[in-house]
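# Coordinate inspection notes
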Amino acid sequence: MAKINILPGGVLDVPSNPTVPFIKGDGVGPEVTSAMQAILDAAVQKTYSGERKIEWMEVLAGGKAFEEEGTYLPDATMQAFKEYHVGIKGPLMTPVGGGIRSLNVALRQGLDLYVCLRPVRWFKGVESPVKHPEKVDMVIFRENTEDIYAGIEWENGTPEAEKFFAFLRDEMGVTKVRFPETSSFGVKPVSKEGSERLVRAACRYALDHGRPSVTLVHKGNIMKFTEGGFKKWGYALAEAEFGDAIKEGKLVIKDCICDAFLQNALLKPEDYSVIATLNLNGDYVSDMLAAQVGGIGIAPGANINYSTGNAIFEATHGTAPDIAGKDIVNPCSNLLSGVMLLEHFGWQEAADLINAALEKSFAEGYATNDLARLMSNGKPLGTKAFTEHIVNIINA
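Below: a short report on this structure.

Rules used in this analysis
- Residues numbered from 1 in each chain as written.
- Predicted model: local features only at pLDDT ≥ 70, side-chain atom pairs only at ≥ 80, totals over all residues.
- Heavy atoms only, no water.
- Axes fitted to C-alpha atoms, helices over the stretch in contact; angles between N-to-C directions.
- Helix = DSSP H or I, 4+ residues; strand = E, 2+ residues; numbered from the N terminus.
- Parallel < 35°, antiparallel > 145°, perpendicular 65-115°, else oblique.
- Contact = heavy atoms within 4.5 Å.
- Nonpolar A, V, L, I, M, F, W, Y, C, P; charged D, E, K, R; others polar.
- Phe/Tyr/Trp six-rings, centres within 6.5 Å; stacked < 30°, edge-to-face > 60°.
- Lys NZ or Arg CZ within 6 Å of the ring centre and 35° of its normal.
- Buried < 20%, exposed > 50% of the residue type's maximum accessible area, 1.4 Å probe, protein only.
- Expected span 1.5 Å × (residues − 1).

## Let's talk about the packing of helix H1 (residues 29-48) against helix H13 (residues 383-395)
Two elements in contact, H1 and H13, have axes separated by 9 Å at closest approach and are oriented at 10°. One element, H1, and the other, H13, form an angle in the roughly parallel class. Every residue of H13 that contacts H1 at Glu31, Ala35, Ala38, Ile39, Ala42, Ala43 and Lys46 is listed here: Thr383, Thr387, Ile390, Val391, Ile394 and Asn395. Broken down by class, the residue content of the contact of H1 with H13 amounts to 8 nonpolar, 3 polar and 2 charged.

Written as structure tokens, this is what we have:
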């Protein structure tokens, strides 16, 4: 098993046969993971004629981990992602009852994967609810470790909630809690360092990929010190570290209030390229944009720390237990996340081959039923048949 080395600045030194830990996931997870691996393997083999190969190594999380290990997120899984630096996962269940609130959040926070990277683009042939989905071409940098997703909250009626309110009232002079006896409370941490590293990553990405602008999406008109701080720190960081690129016209830094952005992204999506935003805003924005290009079923995602080089790529949809095992799930979210993994390695030729195969398949109407049923020339395929179809296009 060959390990990826991390060079200074988070640069990856990828061997020809890197070991990639993977989590199959729950529900439809095993099906989409199997499809992703088959297509990536075919693309890498076709492109590099056996000189490069991914060595897959399964690690456990979610329901399978609980059944076999008695815990939803074994220490060995976290250690594997730290040791091998890059991994991929299918969708995971949310544990019921106590313990971890979200396995996805636990992985992001435990590995300090501060960027949730969500590229959104349209494939010709995929039905969309908007008139011009081809104008939607954005990359979202969603802050991944702060905001309300830090999980700092107290339920109404508990001693902790009463104690927290007493502190607000007696020590901080807060008088604006309208119904304190029945209120739950949450804390929204937003730091200068967390904001800066996200905006830095977004600006570097824009320059490296020839994208013209970075838009800071925020709600700073209402949350002046958290979301407003994000905007202020973002502009300051961009000016301090990317001032020359801005002056030379290579990069534009702008901002937009989140509710206005949600409208503008429908009316004039061509005005936006790279989006930098906080955790909750990013959750809303990424799913809304995905809907414009055909839905979350073809929306990939990655969680990355650009300083350490650590990254986990993932399907962005849920476990969908109602269709698990029925050979009808769309594997494209996990597949396109695998494409992002190849790009992260610098194996762009193999990534391009998969994108081209999907473009050809969709243009001809071949897709899983969730997409094909909306196409004028739709030819629905099961998950396994769709996987074989894409592999055949690649090999041709």
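## Brief notes about the packing of aromatic side chains
Going through the model one piece at a time under the given rule, you end up with 12 aromatic pairs. Ring centres of phenylalanine 165 and phenylalanine 185 lie 6.2 Å apart, and the angle between their planes is 15°; this geometry places the pair in the stacked category. With phenylalanine 165 in helix H5 (residues 159-170) and phenylalanine 185 in strand S9 (residues 185-186), the pair connects residues that are 20 residues apart, well separated along the chain. Taken together, the aromatic side chains of Trp154, Phe164, Phe165 and Phe185 make up a single cluster linked through ring pairs. Cation over ring: arginine 121 sits above phenylalanine 123, and NZ or CZ is 3.9 Å from the ring centre. Here the guanidinium or amino end of lysine 379 rests over the ring plane of tyrosine 366, the centre of that ring lying 5.1 Å away.

## Considering unusual backbone geometry
The backbone of serine 49 shows a phi angle near 50°, a positive value even though the residue is not glycine. Mapped onto the fold, serine 49 is located in the loop between H1 and strand S4 (55-58). You can call serine 49 exposed: its relative accessible area is 58%. Unusually for a residue other than glycine, aspartate 112 sits at a positive phi of about 55°. On the secondary structure map, aspartate 112 appears in the loop between helix H4 (103-110) and strand S6 (115-120). For aspartate 112, a relative accessible area of 29% gives the class partly exposed.

## Here's the deal with H1
Over its 20 residues, H1 extends 28 Å from the first C-alpha to the last, a length consistent with the 28 Å expected when each residue adds 1.5 Å. Looking one or two places after H1, you find serine 49, whose phi comes out positive at around 50°.

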